[in-house]
Amino acid sequence: MSKQGYIARYFNIVRKLSQQKYCSYEELERFLEREFEVLQLQDDTLEFNFSKRTLQRDLKEIRNILGIDIVYSRSQKGYYIIQDDYSSDLFLKTLEEINSFSALKLTNSLESIVYLEKRKSKRAEFLPDIVQAIQRKKQIEFHYLKFGEDVETIRKVSPLAIREFNNRWYLIAEDKGIVKNFGLERMNHVLIMKEKINTELEFDYNDKYKYSYGIIVPSEGKPEKVILSVTKIQAAYLESLPLHESQEITKTIDNEILISLEVFLTDDFISELLAMSRSVTVVKPQKLKDKMKFILNDILNKYS
């Protein structure tokens, strides 16, 4: 079987058991057979071969590659994932990224009705190693090239979490006592080290990114209370996809709607406001208004 076939099987076994805690061999076989029928429309060379012996080999490989333990419960008469947190949306999304067929190589019959974003995050192939290192509390080493620089540096870090933003994947890791973000598309030669991460290291993802829009968290300063005046149409968009979890509608006056949120005034956040500048006006704070005015004037001068 091709490498794609193996990966497809591993992915779908984990996906099925994330959705159904106890699953018999027969249920797994039927589920995989249905999934492979779809895949075979895309690749007619793909064969479906599955047996109890194959399943045992797959479970071993899933444990070795992804660090996921799947066992059989005699009392429940089904297979299940030991770790409960593997049913999380983030984990499933990660698996979809690292899975070679997640981009849906569509058949001609679907290309005219299903259109996918052609911009894809790069270096997603490093996600399995990074996830495994985090689970096993191992340090990793990689070559890293910052934007705007010509020479790679070698980093040895303690990985803490992964985060996705704007079609890019980021590694959150401790580097020489400081928690930093590393873009996966700028990483090369990722290796899992034998060294364990510092067991005393404490990291609270929700606390660190509570007031963050995007990936940037300032090393100093406090989050700001931001008031935005938005059009009725833009408010509908922001209601369906809020800028931040703290977003609230505070007042509605005719076609003007005021929303508030509490965030750090980072470049990521300002860029998002600029993208909506025709339908969004900053009311408070004054320093954000001044920053927006400066940038917009600078842009206007370039076209004058």
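As the structure is a computational prediction, the values presented were derived from the model and not from experiment. (Residues numbered from 1 in each chain as written. Predicted model: local features only at pLDDT ≥ 70, side-chain atom pairs only at ≥ 80, totals over all residues. Heavy atoms only, no water.)

A. Geometry of the overall build of the protein. Within the protein one finds ten helices and eleven strands. For the protein, the proportion of its 304 residues judged to be buried stands at 39%. Across the protein, contacts joining residues at least 24 apart in sequence account for 61% of those joining residues at least 6 apart. Surface exposure of the protein reaches about 19000 Å², of which carbon and sulfur atoms provide 48%. (Helix = DSSP H or I, 4+ residues; strand = E, 2+ residues; numbered from the N terminus. Buried < 20%, exposed > 50% of the residue type's maximum accessible area, 1.4 Å probe, protein only. Contact = heavy atoms within 4.5 Å. Areas by Shrake-Rupley, 256 points an atom, 1.4 Å probe, with all protein chains shown as cover.)

B. Structural detail: a nonpolar patch on the surface. A surface patch of nonpolar side chains, amounting to about 330 Å² of accessible area, comprises Leu296, Ile299 and Tyr303. Along the chain, the position of Leu296 falls in helix 10 (residues 286-302). According to the relative accessible area criterion, Leu296 is partly exposed, its value standing at 37%. (Patch = residues over 30% accessible without salt bridge, like charges linked within 9 Å, V, L, I, M, F, W, Y side chains within 5 Å. Salt bridge = Lys/Arg side-chain N within 4 Å of Asp/Glu carboxyl O.)

C. Quick peek at the sheet that holds strand 5 (residues 168-175). Read across the open sheet, the five strands follow the order 6-5-4-3-7; overall the sheet is antiparallel. Only two strands of the sheet have a single partner each, and these edge strands are strand 6 (178-183) and strand 7 (187-196). Each strand axis lies, on average, 45° off the axis of its neighbour in the sheet, ignoring direction. Bridge count for strand 3 (residues 138-144) against strand 4 (residues 153-165) is five bridges, and the pairing is antiparallel. Within strand 4, the residue paired with His143 across the bridge is Ile154. Contacts from helix 6 (residues 127-135) reach strand 3, strand 4, strand 5 and strand 7 within the one sheet, and its direction differs from that of strand 4 by about 95°. (Pairing = 2+ DSSP bridges. Axes fitted to C-alpha atoms, helices over the stretch in contact; angles between N-to-C directions.)

D. Molecular detail of the sheet that holds strand 10 (residues 256-263). Overall, antiparallel pairing links the four strands, which are arranged 9-10-8-11 in an open sheet. In this open sheet, the two edge strands, each paired with only one partner strand, are strand 9 (248-253) and strand 11 (280-284). Between one strand axis and the next, the sheet turns by 30° as a mean value, whatever way the strands run. Two elements, strand 8 (residues 224-231) and strand 11, share four bridges in a ladder whose sense is antiparallel. Bridge pairing in strand 11 links Ser229 to Thr281. With respect to the sheet, helix 8 (residues 232-240) is in contact with strand 8, strand 10 and strand 11, its orientation differing from that of strand 8 by roughly 125°.

E. Region of interest: the environment of Val179. Here Val179 lies in strand 6. By relative accessible area, Val179 is classed as partly exposed at 28%. In sequence terms Val179 and Val157 are 22 residues apart; their C-alpha atoms lie 9.5 Å from each other. The residues contacting Val179, other than those within four sequence positions of it, are Leu160, Ile172, Ala173, Glu174, Phe203 and Lys208.

F. Inspection of the nonpolar core at higher detail. With 25 residues, the main nonpolar core has Leu228, Val230, Leu243, Leu261, Phe269, Leu273 and Leu288 as its most contacted residues. The greatest single-element share of this core, amounting to four residues, is contributed by strand 10. Once residues lying within four places of it in the same chain are set aside, the contact partners of Leu243 are Tyr213, Leu228, Leu238, Leu261, Phe269, Glu272, Leu273 and Met276. (Core = buried A, V, L, I, M, F, W, Y, C linked by side-chain atoms within 4.5 Å.)

On their own, these measurements won't tell you what the molecule is for.
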